Amino acid sequence: MDIAALRAEQMRCAAQVVREDDFDVLPPRWIGGADVGFEQGGEITRAALVILEYPSLRLVEYQVARIATTLPYIPGFLSFREYPALLAAWSQLQQKPDLLFVDGHGIAHPRRLGVAAHFGLMVDVPTIGVAKKRLCGRCDELESTVGACVPLHDKGEQIGWVWRSKARCNPLFISTGHRVSQNSALYWTQNVTQGYRLPEPTRWADAVASQRPAFQRWQHAL
């Protein structure tokens, strides 16, 4: 595996990421959520994409793609491992989103190209990264109250936000993916979070991918 080539591609893509608001539709009518996981010991990459209607946040479509994993796990280069399955699921969507949430980092990445930034750039859609763990950066201590929020900084620049979405839960790490400003990334994440730790788009993507009870109930109600 040519790490130098991957790094060069990462830097090239990171330079193309748009960090300001560039919405085609506002408020968005369709909001997407994306979640990627691995099966069979990592041999299969599974990507789930959901479409929610806004502002009801009602699930209207989902697609799941399973493909052979094309790249081993390399710290800092996870997006190269994840995006092929995301593209496969994206190609199946009947309704493309006006705004996409990805379970993963946007620019809150050592080279500013987490999967939300990488994939958002590839499909050229306003995208926000919502990750469950910090990859890089420093922040002030976060209060325990719901809604507490502090900026996440790295190398002299703000790369995201640390936001406590639910009591007694670890915070989320929110960052610009593509065509969304930092402030809008925080605003829209807060706007589509409804009492759970995760915002509804990635919560539903996870529910679909893992066949959770909420998704099974939704299927039975059809």
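These numbers were taken from a predicted model, which means no experiment stands behind them. (Residues numbered from 1 in each chain as written. Predicted model: local features only at pLDDT ≥ 70, side-chain atom pairs only at ≥ 80, totals over all residues. Heavy atoms only, no water.)

> Could you give an account of the nonpolar core, naming the residues involved and the relevant values?
Counting residues in each nonpolar core, the largest one holds 28 residues, and the members touching the most others are L99, F101, I128, I174, W188 and W204. The set of elements that each furnish at least two residues to this core consists of strand 2 (44–53), strand 4 (99–103), strand 5 (127–131), strand 7 (157–163), strand 8 (172–178), helix 4 (182–191) and helix 5 (200–209). At 5 residues, the largest contribution of residues to this core is made by helix 5. The next biggest cluster of nonpolar side chains, apart from the first, holds 19 residues, and it includes I51, A85, V115 and V123. (Core = buried A, V, L, I, M, F, W, Y, C linked by side-chain atoms within 4.5 Å. Buried < 20%, exposed > 50% of the residue type's maximum accessible area, 1.4 Å probe, protein only. Helix = DSSP H or I, 4+ residues; strand = E, 2+ residues; numbered from the N terminus.)

> So what's going on with helix 5? Residues and values would help.
Burial analysis of helix 5 places 10 of its 10 residues in the buried class, which makes it a mostly covered element. When helix 5 is considered as a whole, its buried residues turn out to be E200, P201, T202, R203, W204, A205, D206, A207, V208 and A209.

> Tell me what's going on with the sheet that holds strand 5, and back it up with residues and numbers.
If you walk across this open sheet you meet the 8 strands as 3-2-1-4-5-8-7-6, and the pairing is mixed. One side of each edge strand has no neighbouring strand; the edge strands of this open sheet are strand 3 (58–68) and strand 6 (149–154). Neighbouring strand axes in the sheet, compared pairwise and without regard to direction, differ in orientation by 25 degrees on average. The pairing of strand 6 with strand 7 spans 6 bridges and is antiparallel. Counterpart to H153 in the pairing with strand 7 is Q158. The strands touched by helix 3 (residues 115–123) within the sheet are strand 4, strand 5 and strand 8, with strand 8 carrying the most contacts at an inclination of about 25 degrees. (Pairing = 2+ DSSP bridges. Axes fitted to C-alpha atoms, helices over the stretch in contact; angles between N-to-C directions. Contact = heavy atoms within 4.5 Å.)

> I'd love a proper account of unusual backbone geometry, names of residues and values included.
The residue after L26, namely P27, is reached through a cis peptide bond having omega -5 degrees. Here Y54 and P55 are connected by a cis peptide whose omega angle stands at 15 degrees. Relative to the helices and strands, P55 resides in the loop between strand 2 and strand 3. Even without a glycine there, the phi angle at K155 is positive, about 55 degrees. Residue position: K155 is located in the loop between strand 6 and strand 7. Assessed through its relative accessible area of 71%, K155 is described here as exposed.

> Explain the UniProt feature "site: Interaction with target DNA" (unreviewed entry) in the protein chain residue by residue, including any values.
Per the UniProt record, "site: Interaction with target DNA" (unreviewed entry) is found at Y73. In this fold, Y73 is placed in the loop between strand 3 and helix 2 (78–92). Judged by relative accessible area, which is 54%, Y73 ranks as exposed. The contacts of Y73, once residues within four sequence positions are left out, are L78 and R81. (UniProt positions renumbered as here; feature names shortened; annotations may be inferred.)

> Lay out the packing of aromatic side chains in plain terms, naming residues and giving numbers.
Inspection of the entire model under this criterion finds 5 aromatic pairs. Measuring from ring centre to ring centre gives 6.4 Å for F77 and F80, while their planes differ by 40 degrees; the resulting arrangement is tilted. With relative accessibility at 9%, the residue F80 sits in the buried group. Here a set of aromatic residues connected by ring pairs shows up, and it is made of Y54, Y187 and W188. Over the ring of Y196 we find R203, and its NZ or CZ is 3.7 Å from the ring centre. One Lys or Arg, R203, reaches over the ring of W204 and ends 5.7 Å from the middle of that ring. (Phe/Tyr/Trp six-rings, centres within 6.5 Å; stacked < 30°, edge-to-face > 60°. Lys NZ or Arg CZ within 6 Å of the ring centre and 35° of its normal.)

> Help me get a handle on the environment of S144, residues and values and all.
Looking at the secondary structure, you find S144 in the loop between strand 5 and strand 6. Each C-alpha atom, one on S144 and one on P171, is 9.4 Å from the other, the two residues being 27 residues apart in sequence.

> Would you mind going over the UniProt feature "binding site: Mg(2+)" (unreviewed entry) in the protein chain in detail, with residue names and values included?
Mapped onto this numbering, the UniProt entry annotates "binding site: Mg(2+)" (unreviewed entry) at D35 and D103. With the annotated positions falling across 69 residues, the maximum pairwise C-alpha distance of 5.3 Å places them together in a single cluster. Here D35 shows up in strand 1 (residues 30–39). Overall, D35 belongs to the buried group, its relative accessible area being 6%. Setting aside chain neighbours within four positions, we find D35 in contact with R46, A47, A48, D103, A205, D206 and A209. Within the secondary structure, D103 sits in strand 4. Given a relative accessible area of 18%, D103 falls into the buried group. Each residue touching D103, except ones within four places of it in the same chain, is listed here: A34, D35, V115, V130, K132 and T202.

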